[in-house]
Amino acid sequence: MSLEYEMRYFLEHKALPKALHESRAQLMASLLRGKGQAMIEFYKKAERANPKYHCPYTLEQFSMSYREYINQNRSVFIMRIGMPEPEQSPLCRAVYICFAGDGCEDAYFTSELAPNNKFFLCAWADNNVHLNYGNEAVENFDRVAELFWEMNQNGGHAKHKSLCRGKRQLPQ
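Residues numbered from 1 in each chain as written. Predicted model: local features only at pLDDT ≥ 70, side-chain atom pairs only at ≥ 80, totals over all residues. Heavy atoms only, no water.

**What to know about the overall build of the protein chain**
Stage number 1. In terms of helices and strands, the protein chain carries four helices and six strands.
Stage number 2. In the protein chain, the succession of helices and strands from N to C terminus is α-α-α-β-β-β-β-β-β-α.
Stage number 3. Among the 172 residues that make up the protein chain, the fraction classed as buried is 48%.
Stage number 4. Here the protein chain has roughly 9200 Å² of accessible surface; of this, 49% comes from carbon and sulfur atoms. (Helix = DSSP H or I, 4+ residues; strand = E, 2+ residues; numbered from the N terminus. Buried < 20%, exposed > 50% of the residue type's maximum accessible area, 1.4 Å probe, protein only. Areas by Shrake-Rupley, 256 points an atom, 1.4 Å probe, with all protein chains shown as cover.)

What follows is the structure, given as structure tokens:
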């Protein structure tokens, strides 16, 4: 397993969800500053933390788009970060960060490459629960919004359990 793989996995599956749940306003502000610049900054932090690591990605390999959804008197602002093409499972082609309005929990979704070269739509909850929503043929803001509303209607992530909970074994 390469250092590049480990760093990317950590960023997509651990650091970004943690940033959402611990410093959401700062995360949102940094992501809105510019197309992909925040992602490059995350990788620069990884380089400073580990001198053996060198980020292989460029600013142009990241994309940013967003939409707002309103459901009755609630709202969610969803940011989609397009990632460089994933070379290996479970790296992501995109992550969706859901900044919730009043009365809802924030959410973090991933579009993960599966071992069969298809993609799964998954989520990471703030209690380190990993949820898998199955095959995702096409990336879809609307599907993420639908799952966001469903989770918040049903009490949020906290009550969910995961087969992936605990130590995750990275592919060799």
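**Details of the nonpolar core**
Stage number 1. In this structure, Leu16, Leu27, Met39 and Ile97 are the most contacted members of the largest nonpolar core, which totals 31 residues.
Stage number 2. Contributing elements (two or more residues each) for this core: helix 1 (3-22), helix 2 (24-32), helix 3 (37-49), strand 2 (74-82) and strand 3 (92-100).
Stage number 3. At eight residues, the largest contribution of residues to this core is made by helix 1.
Stage number 4. In contact with Leu16, other than residues within four places in its own chain, are Leu11, Leu27, Met39, Phe42, Met83, Val95 and Tyr108.
Stage number 5. Grouped together as the second largest cluster of nonpolar side chains are 22 residues, Cys104, Ala123, Ala145 and Met151 included. (Core = buried A, V, L, I, M, F, W, Y, C linked by side-chain atoms within 4.5 Å. Contact = heavy atoms within 4.5 Å.)

**Here we look at the confidence of the model for the protein chain**
Stage number 1. Summing up the model confidence of the protein chain, the mean pLDDT is 86 and the portion of residues at 70 or higher is 87%.
Stage number 2. Contacts of residues 165-172 to residues separated by more than four positions or lying in other chains number 18 contacts, the stretch itself having pLDDT below 50. (pLDDT = per-residue confidence, 0-100.)

**Considering the packing of aromatic side chains**
Stage number 1. As enumerated under the stated definition, the model contains nine aromatic pairs in all.
Stage number 2. For the pair Tyr43 and Phe62, a centre-to-centre distance of 6.1 Å together with 40 degrees between the ring planes defines the contact as tilted. Of this pair, Tyr43 sits in helix 3 while Phe62 sits in the loop between helix 3 and strand 1 (63-71), and the two are 19 residues apart along the sequence.
Stage number 3. In this structure Tyr43 comes out as buried when scored by relative accessible area, which is 2%.
Stage number 4. Each member of the aromatic cluster is reached from another via a ring pair, and the members are Tyr43, Tyr53, Tyr57 and Phe62.
Stage number 5. We note Arg93 situated over the ring of Phe119; from NZ or CZ to the ring centre the distance is 3.8 Å. (Phe/Tyr/Trp six-rings, centres within 6.5 Å; stacked < 30°, edge-to-face > 60°. Lys NZ or Arg CZ within 6 Å of the ring centre and 35° of its normal.)

**With respect to unusual backbone geometry**
Excluding glycine, a negative phi dihedral is what most residues carry, and trans is how most peptide bonds are arranged.
Stage number 1. In the segment running from Ser89 into Pro90, the intervening peptide bond is cis, with an omega of 0 degrees.
Stage number 2. With respect to the helices, strands and loops of the structure, Pro90 is situated in the loop between strand 2 and strand 3.
Stage number 3. The backbone of Gln72 sits at a positive phi, close to 55 degrees, despite the residue not being glycine.
Stage number 4. Here Gln72 is to be found in the loop between strand 1 and strand 2.
Stage number 5. When its relative accessible area of 75% is taken as the criterion, Gln72 is described as exposed.
Stage number 6. For Asn128, which is not glycine, the phi dihedral falls at a positive 65 degrees.

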